[in-house]
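Each chain is listed here by its residues.
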Amino acid sequence: QVQLVESGGGLVQPGGSLRPSCAASGSIFSIYAMSWYRQTPGKKRELVASMRSGGSTNYADSVKGRFTISRDNAKNTVYLQMNSLKPEDTTVYYCNVQGRSYFQGNFELWGQGTLVTVSS
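Here's what I pulled together on the structure shown here.

The rules we used
- Residues numbered from 1 in each chain as written.
- Predicted model: local features only at pLDDT ≥ 70, side-chain atom pairs only at ≥ 80, totals over all residues.
- Heavy atoms only, no water.
- Salt bridge = Lys/Arg side-chain N within 4 Å of Asp/Glu carboxyl O.
- Helix = DSSP H or I, 4+ residues; strand = E, 2+ residues; numbered from the N terminus.
- Buried < 20%, exposed > 50% of the residue type's maximum accessible area, 1.4 Å probe, protein only.
- Core = buried A, V, L, I, M, F, W, Y, C linked by side-chain atoms within 4.5 Å.
- Contact = heavy atoms within 4.5 Å.
- Polar contact = N/O pair within 3.5 Å; in protein donor to acceptor, adjacent residues only side chain to side chain.
- Patch = residues over 30% accessible without salt bridge, like charges linked within 9 Å, V, L, I, M, F, W, Y side chains within 5 Å.
- Areas by Shrake-Rupley, 256 points an atom, 1.4 Å probe, with all protein chains shown as cover.
- Pairing = 2+ DSSP bridges.
- Axes fitted to C-alpha atoms, helices over the stretch in contact; angles between N-to-C directions.
- Phe/Tyr/Trp six-rings, centres within 6.5 Å; stacked < 30°, edge-to-face > 60°.

Some points on the pattern of salt bridges
So, point 1. Tallying each qualifying case throughout the model produces 4 salt bridges.
So, point 2. Note that Glu-46 is salt-bridged to Arg-38, the shortest N-O span being 2.7 Å.
So, point 3. The partner of Asp-89 in a salt bridge is Arg-66, and the shortest N-O contact between them spans 2.7 Å. Of the two residues, Asp-89 is situated in the loop between β8 (77–82) and β9 (91–101) and Arg-66 in the loop between β6 (57–59) and β7 (67–72); the sequence distance between them amounts to 23 residues.
So, point 4. Classification of Asp-89 by relative accessible area gives buried; the value is 1%.
So, point 5. Judged by its relative accessible area of 10%, Arg-66 falls in the buried class.
So, point 6. Shared partners join several salt bridges into a network, and the residues in it are Arg-38, Glu-46, Arg-66 and Asp-89.

Structural data, given as structure tokens:
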């Protein structure tokens, strides 16, 4: 069984940085894509950044130039380097991993969410 564990959120002042991470573990055969989403109460969950297995990336316009997604394939871990944080970045961030396991076939999992608060 595949599991995700997120960490690295927290409180930071405007202009500061955070680097949440999301580690996948279990019977993973391959990972197709790893992504970060965020969701503010009352709004739809939105894609922040994604990275496919070949290394191609995609970013929301609101974070381009400030956020960088990266991946450690050996650890099946995805990171989101968040720089120049703004108060409007405050919300819960969720990782999403799509892949294939040895015993379950294709899977898509969501992390438990990590709260990022940008405030002075």
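Looking at the nonpolar core
So, point 1. The biggest cluster of nonpolar side chains holds 28 residues, and the ones touching the most others in it are Trp-36, Val-48, Phe-67, Ile-69, Leu-80, Met-82 and Tyr-93.
So, point 2. Secondary-structure elements contributing two or more residues to this core are β3 (21–25), β4 (28–39), β5 (46–52), β7, β8, β9 and β11 (114–118).
So, point 3. When residues of this core are assigned to their parent elements, the largest contribution, 4 residues, is made by β4.
So, point 4. When near neighbours in sequence (up to four residues on either side) are disregarded, Tyr-93 contacts Glu-6, Trp-36, Tyr-37, Arg-38, Val-48, Phe-67, Leu-80, Met-82, Gly-113, Thr-114 and Val-116.

Notes on the environment of Ser-17
So, point 1. Here Ser-17 is to be found in the loop between β2 (10–12) and β3.
So, point 2. Given a relative accessible area of 40%, Ser-17 falls into the partly exposed group.
So, point 3. In contact with Ser-17, other than residues within four places in its own chain, are Val-12, Gln-81, Met-82, Asn-83, Ser-84 and Leu-85.
So, point 4. Within the structure, the side chain of Ser-17 is placed 2.9 Å from the side chain of Asn-83, a separation counted as a polar contact.

Thoughts on a nonpolar patch on the surface
So, point 1. Judged by side-chain polarity, Phe-29, Tyr-102 and Phe-103 come together as a nonpolar surface patch covering roughly 440 Å² of accessible area.
So, point 2. One can find Phe-29 in strand β4.
So, point 3. The exposure class assigned to Phe-29 is exposed, which follows from its relative accessible area of 52%.

Describing the sheet that holds β8
So, point 1. Strand order in this open sheet of 4 strands is β1-β3-β8-β7, and the pairing throughout is antiparallel. Of all the strands in the sheet, just β1 (3–7) and β7 have a single pairing partner and so form its edges. Strand-to-strand twist of the sheet, defined as the mean angle between neighbouring strand axes without regard to direction, takes the value 15°.

Topic: the packing of aromatic side chains
So, point 1. All told, the structure shown has 3 aromatic pairs when counted by the stated rule.
So, point 2. Taking the centre distance of 5.4 Å and the plane angle of 80° together, the rings of Phe-29 and Tyr-102 count as edge-to-face. Taken together, the residues span a long stretch of sequence, with Phe-29 in strand β4 and Tyr-102 in the loop between β9 and β10 (105–110) at a distance of 73 residues.
So, point 3. For the ring pair Tyr-102 and Phe-103, a centre distance of 6.5 Å and an interplane angle of 50° mean the geometry is tilted.

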